[in-house]
Amino acid sequence: MSRSSDQKPTRFRMTLFIGASAIAVLAGMGGVSIIEYYQGGRQPAHAASSPVATAQSLPDFISLAKKLGPSVVNVSTSRIRGAAQEAPSPFGGNDPGEEFWQRFFGGRTPRGPQRQSGVGSGFIVDGNGTILTNYHVVDGAQKLSVTLSDGKNYDAKVVGKDQKSDIAVIKIEAGRDLPAAALGDSDRLEVGEWVMAIGNPFGLDHTVTSGIVSAKGRNIGQGPYDNFIQTDASINPGNSGGPLLNLRGEVVGINTAIFSQSGGNIGIGFAIPSNSVKELLPQLRDKGKVVRGFIGASVQKVSPEIAESLGINPARGALVADLVKGGPAERAGMKTGDVIIEFDRRPIKDSADLPQQVARVVPGAAVQIKVIRDGRETALSLTIGEMKEAEVTAAAQEGELGLTVQPLTPQLAETLGLERGAGLVISAVKPGSAAEEAGLRSGDVLVEINRRPVKNLADYNREIAGNDKAKSVLFLVRRGQSSLFLALKR
(Lines give C-alpha, C1' and ligand atoms only; values in the text may rest on other atoms or scores of the structure.)
Protein backbone atom coordinates (compact mmCIF):
# COMPACT_ATOMS: atom_id res chain seq x y z
CA MET A 1 0.00 0.00 0.00
CA SER A 2 1.51 3.31 -1.02
CA ARG A 3 0.39 6.71 0.18
CA SER A 4 0.43 10.12 -1.47
CA SER A 5 2.11 13.15 0.07
CA ASP A 6 -1.11 14.27 1.79
CA GLN A 7 -1.37 10.83 3.48
CA LYS A 8 -4.62 9.88 1.76
CA PRO A 9 -4.58 6.14 1.06
CA THR A 10 -4.02 5.10 -2.54
CA ARG A 11 -6.17 2.14 -3.47
CA PHE A 12 -4.64 -0.48 -5.73
CA ARG A 13 -6.84 -2.85 -7.65
CA MET A 14 -6.19 -6.14 -9.31
CA THR A 15 -6.99 -6.00 -13.01
CA LEU A 16 -7.66 -9.12 -15.04
CA PHE A 17 -6.90 -8.43 -18.69
CA ILE A 18 -10.13 -8.85 -20.51
CA GLY A 19 -10.33 -6.52 -23.44
CA ALA A 20 -11.45 -2.95 -23.85
CA SER A 21 -12.70 -1.09 -26.90
CA ALA A 22 -10.93 2.16 -26.05
CA ILE A 23 -7.32 2.92 -26.92
CA ALA A 24 -5.19 4.28 -24.09
CA VAL A 25 -2.22 6.54 -24.85
CA LEU A 26 0.37 6.47 -22.11
CA ALA A 27 2.96 9.26 -21.96
CA GLY A 28 5.96 9.47 -19.66
CA MET A 29 7.93 12.49 -18.52
CA GLY A 30 11.26 12.90 -16.83
CA GLY A 31 14.86 11.88 -17.43
CA VAL A 32 16.16 9.08 -19.63
CA SER A 33 17.98 6.10 -18.24
CA ILE A 34 20.67 4.56 -20.46
CA ILE A 35 21.63 0.90 -20.04
CA GLU A 36 24.94 -0.12 -21.59
CA TYR A 37 25.59 -3.67 -22.76
CA TYR A 38 29.10 -4.99 -23.11
CA GLN A 39 29.43 -7.61 -25.82
CA GLY A 40 33.15 -8.03 -26.06
CA GLY A 41 35.35 -5.51 -27.79
CA ARG A 42 36.08 -2.24 -26.03
CA GLN A 43 34.48 -1.58 -22.66
CA PRO A 44 34.58 1.41 -20.34
CA ALA A 45 37.44 1.14 -17.88
CA HIS A 46 35.08 0.89 -14.89
CA ALA A 47 33.38 -2.15 -16.42
CA ALA A 48 36.45 -4.31 -16.81
CA SER A 49 36.48 -5.41 -13.19
CA SER A 50 32.72 -5.80 -12.89
CA PRO A 51 31.44 -9.39 -13.25
CA VAL A 52 27.88 -8.09 -13.57
CA ALA A 53 28.70 -5.78 -16.45
CA THR A 54 30.02 -8.64 -18.61
CA ALA A 55 27.47 -11.29 -17.58
CA GLN A 56 24.64 -10.37 -19.95
CA SER A 57 24.58 -9.72 -23.66
CA LEU A 58 21.95 -7.82 -25.60
CA PRO A 59 18.86 -10.07 -25.97
CA ASP A 60 17.84 -10.92 -29.53
CA PHE A 61 14.20 -9.93 -29.21
CA ILE A 62 13.91 -9.54 -33.00
CA SER A 63 14.48 -13.24 -33.68
CA LEU A 64 12.23 -14.20 -30.76
CA ALA A 65 9.37 -12.06 -32.05
CA LYS A 66 9.70 -13.49 -35.56
CA LYS A 67 9.83 -17.06 -34.30
CA LEU A 68 7.09 -16.94 -31.64
CA GLY A 69 4.79 -14.25 -33.01
CA PRO A 70 2.89 -16.60 -35.35
CA SER A 71 1.93 -18.87 -32.42
CA VAL A 72 0.19 -16.01 -30.55
CA VAL A 73 -3.50 -15.43 -31.30
CA ASN A 74 -6.22 -12.88 -30.64
CA VAL A 75 -9.19 -14.30 -28.72
CA SER A 76 -12.49 -12.46 -29.22
CA THR A 77 -15.57 -13.17 -27.12
CA SER A 78 -19.22 -12.20 -27.23
CA ARG A 79 -21.60 -12.39 -24.27
CA ILE A 80 -25.27 -11.60 -23.76
CA ARG A 81 -25.93 -9.86 -20.48
CA GLY A 82 -29.33 -9.07 -19.03
CA ALA A 83 -28.03 -6.69 -16.36
CA ALA A 84 -29.39 -3.20 -15.90
CA GLN A 85 -27.89 -0.42 -18.00
CA GLU A 86 -27.55 3.31 -17.51
CA ALA A 87 -30.79 5.28 -17.75
CA PRO A 88 -31.44 6.77 -21.21
CA SER A 89 -31.82 10.47 -21.83
CA PRO A 90 -35.46 11.62 -21.65
CA PHE A 91 -34.99 13.26 -25.06
CA GLY A 92 -34.49 9.96 -26.93
CA GLY A 93 -31.60 7.89 -28.21
CA ASN A 94 -30.49 10.46 -30.81
CA ASP A 95 -30.05 13.25 -28.30
CA PRO A 96 -26.50 14.72 -28.54
CA GLY A 97 -26.56 15.13 -24.76
CA GLU A 98 -27.07 11.38 -24.19
CA GLU A 99 -23.48 10.86 -22.96
CA PHE A 100 -23.79 13.79 -20.55
CA TRP A 101 -27.09 12.43 -19.22
CA GLN A 102 -25.67 8.93 -18.63
CA ARG A 103 -22.52 10.19 -16.96
CA PHE A 104 -24.03 12.66 -14.54
CA PHE A 105 -27.62 11.59 -13.94
CA GLY A 106 -26.88 7.88 -13.87
CA GLY A 107 -29.53 5.67 -12.45
CA ARG A 108 -29.91 2.11 -13.64
CA THR A 109 -32.93 0.78 -15.43
CA PRO A 110 -33.45 -2.52 -17.26
CA ARG A 111 -33.20 -2.24 -21.03
CA GLY A 112 -33.24 -5.94 -21.84
CA PRO A 113 -30.31 -8.19 -22.79
CA GLN A 114 -27.16 -6.41 -23.92
CA ARG A 115 -24.35 -7.84 -26.06
CA GLN A 116 -20.86 -7.40 -24.67
CA SER A 117 -17.63 -8.13 -26.54
CA GLY A 118 -14.16 -8.69 -25.17
CA VAL A 119 -10.69 -9.39 -26.41
CA GLY A 120 -7.83 -11.36 -24.93
CA SER A 121 -4.80 -13.32 -26.03
CA GLY A 122 -3.73 -16.93 -26.31
CA PHE A 123 -1.05 -19.11 -27.84
CA ILE A 124 -1.03 -22.33 -29.84
CA VAL A 125 0.50 -25.32 -28.03
CA ASP A 126 0.19 -27.94 -30.75
CA GLY A 127 -0.16 -27.92 -34.51
CA ASN A 128 -3.73 -29.21 -34.53
CA GLY A 129 -5.10 -25.94 -33.12
CA THR A 130 -5.06 -26.42 -29.35
CA ILE A 131 -4.72 -23.00 -27.68
CA LEU A 132 -4.01 -21.96 -24.09
CA THR A 133 -5.56 -18.82 -22.60
CA ASN A 134 -7.09 -17.59 -19.33
CA TYR A 135 -10.34 -18.83 -17.81
CA HIS A 136 -11.52 -15.26 -17.29
CA VAL A 137 -11.04 -14.51 -21.01
CA VAL A 138 -13.54 -17.17 -22.12
CA ASP A 139 -15.80 -17.42 -19.07
CA GLY A 140 -19.44 -16.83 -19.99
CA ALA A 141 -18.75 -16.39 -23.70
CA GLN A 142 -21.60 -17.43 -26.00
CA LYS A 143 -19.43 -16.95 -29.07
CA LEU A 144 -15.68 -17.42 -29.30
CA SER A 145 -13.39 -16.67 -32.24
CA VAL A 146 -9.65 -16.72 -32.81
CA THR A 147 -7.62 -14.58 -35.19
CA LEU A 148 -4.17 -15.80 -36.22
CA SER A 149 -1.17 -13.62 -37.00
CA ASP A 150 -1.91 -13.92 -40.74
CA GLY A 151 -5.33 -12.33 -40.16
CA LYS A 152 -7.38 -15.49 -40.72
CA ASN A 153 -10.29 -15.93 -38.34
CA TYR A 154 -11.77 -19.17 -36.98
CA ASP A 155 -14.60 -20.09 -34.66
CA ALA A 156 -13.31 -21.69 -31.47
CA LYS A 157 -14.74 -24.00 -28.84
CA VAL A 158 -13.81 -24.43 -25.20
CA VAL A 159 -12.19 -27.81 -24.57
CA GLY A 160 -11.59 -27.37 -20.85
CA LYS A 161 -11.36 -24.66 -18.23
CA ASP A 162 -10.46 -24.29 -14.57
CA GLN A 163 -11.48 -21.24 -12.56
CA LYS A 164 -9.20 -21.94 -9.61
CA SER A 165 -6.04 -21.76 -11.74
CA ASP A 166 -7.51 -19.29 -14.30
CA ILE A 167 -6.47 -21.55 -17.19
CA ALA A 168 -8.55 -22.52 -20.22
CA VAL A 169 -7.93 -24.68 -23.30
CA ILE A 170 -9.73 -23.79 -26.54
CA LYS A 171 -9.49 -25.30 -30.02
CA ILE A 172 -9.87 -24.26 -33.64
CA GLU A 173 -10.07 -26.35 -36.82
CA ALA A 174 -7.74 -24.66 -39.28
CA GLY A 175 -7.30 -27.64 -41.62
CA ARG A 176 -3.54 -27.21 -41.59
CA ASP A 177 -0.56 -27.55 -39.29
CA LEU A 178 -0.17 -24.43 -37.13
CA PRO A 179 2.98 -22.96 -35.55
CA ALA A 180 3.13 -23.91 -31.87
CA ALA A 181 5.03 -22.58 -28.86
CA ALA A 182 6.78 -24.94 -26.45
CA LEU A 183 6.16 -24.84 -22.70
CA GLY A 184 9.43 -24.36 -20.83
CA ASP A 185 10.57 -25.05 -17.28
CA SER A 186 9.46 -22.10 -15.13
CA ASP A 187 11.37 -23.50 -12.14
CA ARG A 188 14.60 -22.62 -13.97
CA LEU A 189 13.68 -18.93 -14.13
CA GLU A 190 15.92 -16.62 -12.15
CA VAL A 191 14.98 -13.25 -10.71
CA GLY A 192 16.53 -10.66 -13.02
CA GLU A 193 16.28 -12.89 -16.12
CA TRP A 194 15.09 -11.32 -19.37
CA VAL A 195 11.57 -12.17 -20.54
CA MET A 196 9.32 -11.07 -23.41
CA ALA A 197 5.53 -10.80 -23.64
CA ILE A 198 3.39 -10.96 -26.78
CA GLY A 199 -0.32 -10.16 -26.76
CA ASN A 200 -3.14 -7.87 -27.80
CA PRO A 201 -3.26 -4.99 -25.29
CA PHE A 202 -6.28 -2.77 -25.92
CA GLY A 203 -6.89 -4.82 -29.08
CA LEU A 204 -3.52 -3.90 -30.63
CA ASP A 205 -2.58 -7.21 -32.25
CA HIS A 206 0.78 -8.87 -31.58
CA THR A 207 2.31 -6.19 -29.40
CA VAL A 208 5.78 -7.20 -28.17
CA THR A 209 7.17 -5.95 -24.86
CA SER A 210 10.15 -6.97 -22.76
CA GLY A 211 11.39 -6.81 -19.20
CA ILE A 212 12.80 -9.02 -16.47
CA VAL A 213 11.54 -11.46 -13.89
CA SER A 214 10.94 -9.25 -10.86
CA ALA A 215 10.05 -12.01 -8.38
CA LYS A 216 8.78 -15.59 -8.16
CA GLY A 217 6.21 -17.36 -6.02
CA ARG A 218 4.00 -14.30 -5.56
CA ASN A 219 0.72 -14.67 -3.65
CA ILE A 220 -1.64 -11.91 -4.80
CA GLY A 221 -4.81 -13.01 -3.03
CA GLN A 222 -6.47 -14.60 -6.04
CA GLY A 223 -6.92 -18.01 -4.40
CA PRO A 224 -5.29 -20.94 -2.63
CA TYR A 225 -3.11 -21.83 -5.63
CA ASP A 226 -1.36 -18.48 -6.04
CA ASN A 227 2.24 -18.93 -7.23
CA PHE A 228 2.77 -16.15 -9.74
CA ILE A 229 5.78 -14.92 -11.65
CA GLN A 230 6.10 -11.14 -11.27
CA THR A 231 7.49 -9.21 -14.23
CA ASP A 232 7.96 -5.61 -15.32
CA ALA A 233 7.42 -6.49 -18.99
CA SER A 234 4.58 -4.19 -20.05
CA ILE A 235 1.25 -6.05 -20.04
CA ASN A 236 -2.16 -4.37 -20.20
CA PRO A 237 -5.87 -5.16 -20.70
CA GLY A 238 -6.06 -7.55 -23.65
CA ASN A 239 -2.76 -9.28 -22.78
CA SER A 240 -4.59 -11.89 -20.70
CA GLY A 241 -3.79 -15.40 -21.85
CA GLY A 242 -0.74 -14.37 -23.86
CA PRO A 243 2.69 -15.96 -23.36
CA LEU A 244 5.60 -14.81 -21.24
CA LEU A 245 8.74 -16.07 -23.00
CA ASN A 246 12.35 -16.65 -21.97
CA LEU A 247 15.30 -16.00 -24.26
CA ARG A 248 15.31 -19.65 -25.37
CA GLY A 249 11.93 -19.08 -26.99
CA GLU A 250 10.01 -21.12 -24.44
CA VAL A 251 6.74 -20.14 -22.77
CA VAL A 252 7.47 -19.76 -19.06
CA GLY A 253 4.15 -18.20 -18.06
CA ILE A 254 0.62 -17.09 -19.05
CA ASN A 255 0.14 -13.36 -18.49
CA THR A 256 -2.84 -12.93 -16.19
CA ALA A 257 -3.05 -9.89 -13.90
CA ILE A 258 -1.51 -6.56 -12.89
CA PHE A 259 -1.42 -4.28 -9.89
CA SER A 260 -2.57 -0.87 -11.06
CA GLN A 261 -4.16 2.36 -9.90
CA SER A 262 -5.50 3.23 -13.34
CA GLY A 263 -6.02 -0.15 -15.00
CA GLY A 264 -2.89 0.39 -17.12
CA ASN A 265 0.61 -0.97 -16.72
CA ILE A 266 2.82 0.39 -13.94
CA GLY A 267 5.50 -2.28 -14.20
CA ILE A 268 3.94 -4.90 -11.90
CA GLY A 269 2.46 -7.79 -13.85
CA PHE A 270 1.84 -11.44 -13.00
CA ALA A 271 1.97 -14.66 -14.99
CA ILE A 272 0.95 -18.25 -14.19
CA PRO A 273 4.12 -20.40 -14.21
CA SER A 274 4.39 -22.81 -17.15
CA ASN A 275 5.07 -25.76 -14.83
CA SER A 276 1.67 -25.22 -13.21
CA VAL A 277 0.13 -25.14 -16.69
CA LYS A 278 1.88 -28.36 -17.73
CA GLU A 279 0.46 -30.18 -14.71
CA LEU A 280 -3.11 -29.21 -15.60
CA LEU A 281 -3.03 -29.28 -19.42
CA PRO A 282 -3.53 -33.07 -19.87
CA GLN A 283 -6.63 -33.04 -17.63
CA LEU A 284 -8.10 -29.97 -19.29
CA ARG A 285 -7.51 -31.40 -22.75
CA ASP A 286 -8.76 -34.91 -21.98
CA LYS A 287 -11.44 -34.39 -19.29
CA GLY A 288 -12.41 -30.75 -19.71
CA LYS A 289 -11.80 -30.05 -16.04
CA VAL A 290 -9.22 -30.48 -13.29
CA VAL A 291 -9.59 -33.11 -10.59
CA ARG A 292 -7.75 -32.10 -7.43
CA GLY A 293 -6.88 -33.83 -4.22
CA PHE A 294 -8.73 -32.94 -1.03
CA ILE A 295 -7.90 -33.62 2.63
CA GLY A 296 -10.78 -31.85 4.35
CA ALA A 297 -8.75 -29.48 6.49
CA SER A 298 -8.67 -25.69 6.52
CA VAL A 299 -5.39 -24.18 7.53
CA GLN A 300 -3.90 -20.85 8.49
CA LYS A 301 -0.49 -19.27 8.65
CA VAL A 302 1.74 -20.00 11.64
CA SER A 303 2.67 -16.51 12.81
CA PRO A 304 5.71 -15.97 15.05
CA GLU A 305 3.33 -15.43 17.98
CA ILE A 306 1.46 -18.67 17.31
CA ALA A 307 4.75 -20.53 16.82
CA GLU A 308 6.03 -19.27 20.17
CA SER A 309 2.84 -20.29 21.96
CA LEU A 310 3.06 -23.78 20.42
CA GLY A 311 6.78 -24.15 21.06
CA ILE A 312 7.68 -24.30 17.35
CA ASN A 313 11.01 -22.77 16.39
CA PRO A 314 11.39 -21.50 13.73
CA ALA A 315 7.82 -20.61 12.69
CA ARG A 316 6.78 -22.98 9.90
CA GLY A 317 4.04 -25.26 8.68
CA ALA A 318 0.27 -24.94 8.31
CA LEU A 319 -1.95 -24.70 11.41
CA VAL A 320 -5.11 -26.82 11.16
CA ALA A 321 -7.99 -24.46 12.02
CA ASP A 322 -10.92 -26.70 11.13
CA LEU A 323 -11.72 -30.20 9.86
CA VAL A 324 -14.48 -31.40 7.58
CA LYS A 325 -16.54 -33.89 9.53
CA GLY A 326 -15.86 -37.37 8.18
CA GLY A 327 -13.25 -36.02 5.75
CA PRO A 328 -9.90 -37.65 4.92
CA ALA A 329 -7.95 -35.66 7.53
CA GLU A 330 -10.37 -36.43 10.36
CA ARG A 331 -10.44 -40.13 9.42
CA ALA A 332 -6.62 -40.15 9.48
CA GLY A 333 -6.61 -38.87 13.08
CA MET A 334 -5.71 -35.24 12.43
CA LYS A 335 -6.89 -32.75 15.07
CA THR A 336 -7.60 -29.04 15.21
CA GLY A 337 -4.43 -27.32 16.41
CA ASP A 338 -2.07 -29.73 14.63
CA VAL A 339 0.68 -28.00 12.64
CA ILE A 340 1.39 -29.78 9.35
CA ILE A 341 5.13 -29.57 8.67
CA GLU A 342 5.48 -32.28 6.03
CA PHE A 343 3.16 -33.59 3.31
CA ASP A 344 4.01 -36.57 1.12
CA ARG A 345 7.65 -36.27 2.25
CA ARG A 346 7.82 -32.62 1.15
CA PRO A 347 8.37 -29.89 3.76
CA ILE A 348 5.54 -27.40 4.35
CA LYS A 349 7.25 -24.10 5.09
CA ASP A 350 4.11 -21.95 4.90
CA SER A 351 0.35 -22.52 4.90
CA ALA A 352 0.24 -21.45 1.23
CA ASP A 353 2.39 -24.48 0.32
CA LEU A 354 -0.17 -27.05 1.46
CA PRO A 355 -3.07 -26.47 -1.00
CA GLN A 356 -0.67 -26.68 -3.95
CA GLN A 357 0.87 -29.91 -2.67
CA VAL A 358 -2.52 -31.50 -1.94
CA ALA A 359 -3.94 -30.51 -5.32
CA ARG A 360 -1.15 -32.37 -7.13
CA VAL A 361 -1.96 -35.74 -5.57
CA VAL A 362 -4.34 -38.10 -7.37
CA PRO A 363 -7.51 -38.84 -5.35
CA GLY A 364 -7.30 -42.26 -3.76
CA ALA A 365 -3.55 -42.14 -3.21
CA ALA A 366 -2.14 -42.71 0.28
CA VAL A 367 0.32 -40.11 1.59
CA GLN A 368 2.35 -39.66 4.74
CA ILE A 369 1.85 -36.48 6.75
CA LYS A 370 3.94 -35.22 9.63
CA VAL A 371 2.40 -32.88 12.21
CA ILE A 372 3.51 -31.20 15.40
CA ARG A 373 1.05 -31.93 18.20
CA ASP A 374 1.64 -30.87 21.81
CA GLY A 375 5.26 -30.08 20.97
CA ARG A 376 6.03 -33.48 19.45
CA GLU A 377 6.15 -34.71 15.86
CA THR A 378 3.48 -37.26 14.91
CA ALA A 379 3.20 -39.23 11.65
CA LEU A 380 -0.19 -39.83 10.01
CA SER A 381 -1.23 -41.85 6.97
CA LEU A 382 -3.97 -40.22 4.91
CA THR A 383 -5.93 -41.27 1.81
CA ILE A 384 -6.53 -38.30 -0.49
CA GLY A 385 -10.13 -37.50 -1.41
CA GLU A 386 -11.45 -35.64 -4.45
CA MET A 387 -12.17 -31.96 -4.19
CA LYS A 388 -15.66 -30.92 -5.19
CA GLU A 389 -16.30 -27.59 -6.90
CA ALA A 390 -17.43 -25.77 -3.76
CA GLU A 391 -14.67 -27.12 -1.50
CA VAL A 392 -11.44 -25.36 -0.59
CA THR A 393 -8.39 -26.58 1.26
CA ALA A 394 -7.36 -23.35 2.91
CA ALA A 395 -9.87 -20.97 4.43
CA ALA A 396 -7.27 -18.47 5.61
CA GLN A 397 -6.76 -17.03 2.11
CA GLU A 398 -7.69 -13.37 1.64
CA GLY A 399 -9.05 -13.89 -1.88
CA GLU A 400 -10.76 -11.15 -3.86
CA LEU A 401 -12.79 -9.84 -0.88
CA GLY A 402 -9.73 -9.01 1.21
CA LEU A 403 -10.77 -10.72 4.43
CA THR A 404 -9.54 -13.82 6.25
CA VAL A 405 -12.01 -15.92 8.24
CA GLN A 406 -11.47 -18.87 10.53
CA PRO A 407 -13.37 -20.93 13.09
CA LEU A 408 -13.87 -19.28 16.46
CA THR A 409 -12.05 -21.80 18.62
CA PRO A 410 -11.91 -21.36 22.41
CA GLN A 411 -8.24 -20.41 22.17
CA LEU A 412 -8.91 -17.81 19.46
CA ALA A 413 -11.88 -16.40 21.39
CA GLU A 414 -9.63 -15.94 24.41
CA THR A 415 -6.90 -14.30 22.33
CA LEU A 416 -9.35 -11.85 20.71
CA GLY A 417 -11.29 -11.24 23.91
CA LEU A 418 -14.52 -12.64 22.45
CA GLU A 419 -17.26 -14.76 23.93
CA ARG A 420 -16.76 -18.46 23.35
CA GLY A 421 -19.11 -20.19 20.97
CA ALA A 422 -19.42 -21.80 17.56
CA GLY A 423 -19.08 -19.74 14.41
CA LEU A 424 -16.58 -17.84 12.31
CA VAL A 425 -14.51 -14.79 13.09
CA ILE A 426 -12.79 -12.33 10.75
CA SER A 427 -9.14 -12.64 11.76
CA ALA A 428 -7.69 -10.16 9.25
CA VAL A 429 -8.83 -7.46 6.81
CA LYS A 430 -6.51 -6.37 4.01
CA PRO A 431 -5.88 -2.59 3.85
CA GLY A 432 -7.51 -0.98 0.82
CA SER A 433 -9.64 -4.04 0.09
CA ALA A 434 -13.37 -4.28 -0.56
CA ALA A 435 -13.79 -5.69 2.94
CA GLU A 436 -12.14 -2.67 4.57
CA GLU A 437 -14.17 -0.30 2.41
CA ALA A 438 -17.36 -2.04 3.56
CA GLY A 439 -16.43 -1.44 7.19
CA LEU A 440 -15.60 -5.03 8.19
CA ARG A 441 -13.03 -5.33 10.99
CA SER A 442 -10.76 -7.94 12.44
CA GLY A 443 -12.59 -9.51 15.39
CA ASP A 444 -16.07 -9.25 13.85
CA VAL A 445 -18.01 -12.50 14.32
CA LEU A 446 -19.93 -13.61 11.22
CA VAL A 447 -23.60 -14.32 11.84
CA GLU A 448 -25.17 -14.26 8.36
CA ILE A 449 -24.24 -13.79 4.71
CA ASN A 450 -27.06 -12.68 2.41
CA ARG A 451 -29.57 -13.37 5.23
CA ARG A 452 -28.46 -17.01 5.58
CA PRO A 453 -26.82 -18.31 8.78
CA VAL A 454 -23.06 -18.92 8.65
CA LYS A 455 -21.89 -21.43 11.23
CA ASN A 456 -18.78 -22.96 9.63
CA LEU A 457 -16.33 -22.65 6.75
CA ALA A 458 -18.48 -24.76 4.46
CA ASP A 459 -21.37 -22.30 4.94
CA TYR A 460 -19.07 -19.34 4.28
CA ASN A 461 -17.53 -20.80 1.12
CA ARG A 462 -20.91 -21.83 -0.24
CA GLU A 463 -22.43 -18.38 0.24
CA ILE A 464 -19.45 -16.52 -1.23
CA ALA A 465 -19.12 -18.86 -4.21
CA GLY A 466 -22.85 -18.74 -4.92
CA ASN A 467 -23.17 -14.96 -4.76
CA ASP A 468 -23.57 -13.11 -8.06
CA LYS A 469 -20.34 -11.16 -8.53
CA ALA A 470 -22.31 -8.25 -9.94
CA LYS A 471 -24.18 -7.88 -6.66
CA SER A 472 -23.10 -6.82 -3.18
CA VAL A 473 -22.59 -9.35 -0.40
CA LEU A 474 -24.62 -8.57 2.71
CA PHE A 475 -22.87 -9.46 5.98
CA LEU A 476 -24.46 -9.53 9.42
CA VAL A 477 -21.73 -9.39 12.05
CA ARG A 478 -21.60 -9.25 15.82
CA ARG A 479 -19.24 -6.55 17.09
CA GLY A 480 -18.95 -6.37 20.84
CA GLN A 481 -22.45 -6.39 22.28
CA SER A 482 -24.19 -5.21 19.11
CA SER A 483 -24.97 -6.52 15.63
CA LEU A 484 -24.85 -4.65 12.33
CA PHE A 485 -25.35 -5.22 8.61
CA LEU A 486 -22.54 -4.31 6.21
CA ALA A 487 -22.71 -4.52 2.40
CA LEU A 488 -19.53 -5.47 0.57
CA LYS A 489 -19.30 -4.59 -3.13
CA ARG A 490 -16.98 -6.86 -5.13
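These numbers come from a predicted model, not from an experiment.

Asks: Can you help me understand the overall build of the chain in this one?
Replies: From N to C terminus, the chain includes ten helices and 29 strands. The 490 residues of the chain split such that 46% are buried. Within the chain, counting contacts between residues at least 6 apart in sequence, those at least 24 apart form 60% of the total. Total accessible area computed for the chain in this model is approximately 25200 Å², and 51% of it derives from carbon and sulfur atoms.

Asks: How do you make sense of the nonpolar core when you look at a structure like this?
Replies: Nonpolar side chains in soluble globular proteins generally cluster together in the buried interior. Membership of the largest hydrophobic core comes to 26 residues, with the highest contact counts inside it found for F123, L132 and I167. Within the residue set of this core, elements represented by two or more residues are α1 (61-68), β5 (114-126), β9 (167-172), β10 (194-199), β14 (251-260), β15 (269-273) and α4 (274-286). The next biggest cluster of nonpolar side chains, apart from the first, holds 21 residues, and it includes I295, A297, L354 and L382.

Asks: Just checking my understanding: could you explain the side chain of R292 for this structure?
Replies: With respect to the secondary-structure elements, R292 resides in the loop between α4 and β16 (293-294). Reaching out from R292, the side chain makes a polar contact with the side chain of D162 at a distance of 2.5 Å.

Asks: Looking at this structure, how should I read the packing of aromatic side chains?
Replies: Pairs of aromatic rings are described using the distance from one ring centre to the other and the angle between the two planes. According to the stated counting rule, one finds three aromatic pairs in the structure shown. Considering the side-chain rings of F228 and F270, the 6.3 Å spacing of their centres and the 70 degrees angle between planes classify their relative orientation as edge-to-face. Taken together, the residues span a long stretch of sequence, with F228 in strand β12 (residues 228-231) and F270 in strand β15 at a distance of 42 residues.

Asks: Would you mind going over the pattern of salt bridges with me for this structure?
Replies: As a working rule, side chains carrying opposite charge can pair if their charged atoms are close by. All told, the structure shown has 16 salt bridges when counted by the stated rule. Of the charged contacts in the structure, one is a salt bridge between R373 and D338, with a shortest N-O distance of 2.7 Å. Taken as a pair, R373 in strand β21 (residues 366-373) and D338 in the loop between α6 (328-331) and β19 (339-343) lie far apart in primary sequence, 35 residues in all. We classify R373 as buried; its relative accessible area is 19%.

Asks: Can you walk me through the environment of K370 in this structure?
Replies: The residue K370 is located in strand β21 in this model. Measuring from C-alpha to C-alpha, the distance between K370 and I341 comes to 5.9 Å, with 29 residues separating the pair along the chain. Sequence-distant contacts of K370, defined by excluding residues within four places in its chain, comprise V339, I340, I341, E342, E377 and T378.

Asks: Explain the environment of S483 here, please?
Replies: Along the chain, S483 turns up in strand β29 (residues 482-488). For the pair S483 and V447, spaced 36 residues apart in the sequence, the C-alpha separation amounts to 8.8 Å. Setting aside anything within four residues of it in sequence, one finds S483 in contact with L476, V477 and R478.

Asks: When you look at the pairing of strand β6 (residues 130-133) in this model, what are you seeing that I'm missing?
Replies: In summary, the side chains of a regular strand alternate between the two faces of the sheet. Residues T130 and L132 of β6 are buried on one face, and the alternating residues I131 and T133, pointing to the opposite face, are buried as well. Sheet topology note: the β6/β9 ladder contains four bridges and is antiparallel. Each bridged residue has a counterpart across the sheet, and for L132 the counterpart in β9 is V169.

Conventions used here
- Just so you know, the residues in each chain are numbered from 1, in the order the chain's sequence is written.
- Note on the predicted model: pLDDT of at least 70 is required for a residue's local features to be given, and 80 or more for side-chain atom pairs to be given and counted; whole-chain, interface and lining totals, by contrast, use all residues.
- Processing note: side-chain calculations cover all non-hydrogen atoms of the structure and skip hydrogens and water entirely.
- To qualify as a helix, a DSSP run of H or I must reach at least 4 residues; to qualify as a strand, a run of E must reach at least 2; elements of each kind are numbered from the N terminus.
- Residue burial is assigned from relative accessible area. The probe radius is 1.4 Å, only protein chains are included, and a residue is buried under 20% of its type maximum, exposed over 50%, and partly exposed in between.
- In this description, contact between two residues means that some pair of their heavy atoms is separated by no more than 4.5 Å.
- Accessible areas in this description were obtained via Shrake-Rupley with a 1.4 Å probe; residue shielding takes into account the shown protein chains only.
- As used in this record, nonpolar core signifies buried Ala, Val, Leu, Ile, Met, Phe, Trp, Tyr and Cys residues forming a set joined through side-chain atoms within 4.5 Å.
- Pairing of N or O atoms within 3.5 Å defines a polar contact, subject to two protein rules: one partner must be a possible hydrogen donor and the other a possible acceptor, and residues neighboring in sequence count only if both atoms are side-chain atoms.
- Aromatic pairing here means that ring centres of Phe, Tyr or Trp (its six-membered ring) are within 6.5 Å. Orientation follows from the plane angle: under 30 degrees is stacked, over 60 is edge-to-face, and everything else is tilted.
- The rule for a salt bridge is simple: a side-chain nitrogen of Lys or Arg has to be within 4 Å of a carboxyl oxygen of Asp or Glu.
- Here the rule is simple: two strands pair whenever DSSP picks up at least two bridges between them.

Function cannot be read off these values alone, since they describe shape.
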